[in-house]
Amino acid sequence: MPVARDIPGAVFREGTAVLMARIVDADDTPVTQASAAAIRYSVLEVNRHDPDDLAAVVGHDDVALDPADVLFDTLQTGGAWTADATGYNFRHEIDTGGSEPFPRAGGCYQVRYELVPVTGQKIVFRFKLRSL
């Protein structure tokens, strides 16, 4: 079973983030476009004094994504992916057109994704980002 952990990173205040990961199911098989029924994301500001205190960022709360826009059917390597030689199958560039996803410098943000597979249990993965 994969280990659950937040994926760390940093972003610029009022900027975007391009988030990449290798997402696998309970059988350790990489998720594909056809195996994902739905994906949603939220950007949450984390209270540094109480990590259970999360505030949704306006315009970035429970937003639906098209699996075909963020998932690859084969693992990708190269470019910005430097984690390993195996590759990634998830890539999402957060839209800043409607509202800023990271409005406060010095803030700590959690970007939380919920992937609902066609069969099986939902997959939750998160990024923990510092805003500069």
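Residues numbered from 1 in each chain as written. Predicted model: local features only at pLDDT ≥ 70, side-chain atom pairs only at ≥ 80, totals over all residues. Heavy atoms only, no water.

K.L.:
Before we go on, may I ask you to explain the pattern of salt bridges in this structure?
P.N.:
On inspection of all chains with the given rule, the structure shows seven salt bridges. The partner of Glu45 in a salt bridge is Arg104, with the nearest N and O atoms 2.6 Å apart. Note that Glu45 is positioned in strand E3 (residues 36-47) and Arg104 in the loop between strand E7 (88-93) and strand E8 (108-117), a separation of 59 residues in sequence. With a relative accessible area of 41%, Arg104 lands in the partly exposed category. (Salt bridge = Lys/Arg side-chain N within 4 Å of Asp/Glu carboxyl O. Helix = DSSP H or I, 4+ residues; strand = E, 2+ residues; numbered from the N terminus. Buried < 20%, exposed > 50% of the residue type's maximum accessible area, 1.4 Å probe, protein only.)

K.L.:
How do you make sense of the packing of aromatic side chains when you look at a structure like this?
P.N.:
The description of an aromatic ring pair uses the distance of the two centres, along with the angle that the planes make with each other. Counted according to the given criterion, the structure contains eight aromatic pairs. Ring plane angle 40° and centroid distance 5.3 Å describe the contact between Trp81 and Tyr88, whose orientation is recorded as tilted. For the pair shown, Trp81 and Tyr88 are each scored as buried. Taking 4.9 Å as the distance between ring centres and 80° as the angle between the ring planes, the aromatic pair formed by Phe90 and Phe125 counts as edge-to-face. Taken together, the residues span a long stretch of sequence, with Phe90 in strand E7 and Phe125 in strand E9 (residues 123-131) at a distance of 35 residues. We note that Phe90, like Phe125, is buried. What links up through ring pairs into an aromatic cluster is the set Tyr41, Phe90, Tyr113, Phe125 and Phe127. (Phe/Tyr/Trp six-rings, centres within 6.5 Å; stacked < 30°, edge-to-face > 60°.)

K.L.:
Mind showing me how you'd approach the nonpolar core here?
P.N.:
Nonpolar side chains in soluble globular proteins tend to be buried together. Ranked by internal contacts, the top residues of the largest apolar core, which has 25 residues, are Phe102, Val111, Tyr113 and Leu115. Of all the secondary-structure elements, those providing two or more residues to this core are strand E2 (18-21), E3, E8 and E9. Residues within four places of Tyr113 in sequence aside, it is in contact with Leu19, Ile39, Arg40, Tyr41, Leu65, Phe90, His92, Ile94, Ile123, Val124, Phe125 and Phe127. (Core = buried A, V, L, I, M, F, W, Y, C linked by side-chain atoms within 4.5 Å. Contact = heavy atoms within 4.5 Å.)

So far we have only geometry, and geometry alone does not tell us how the molecule works.
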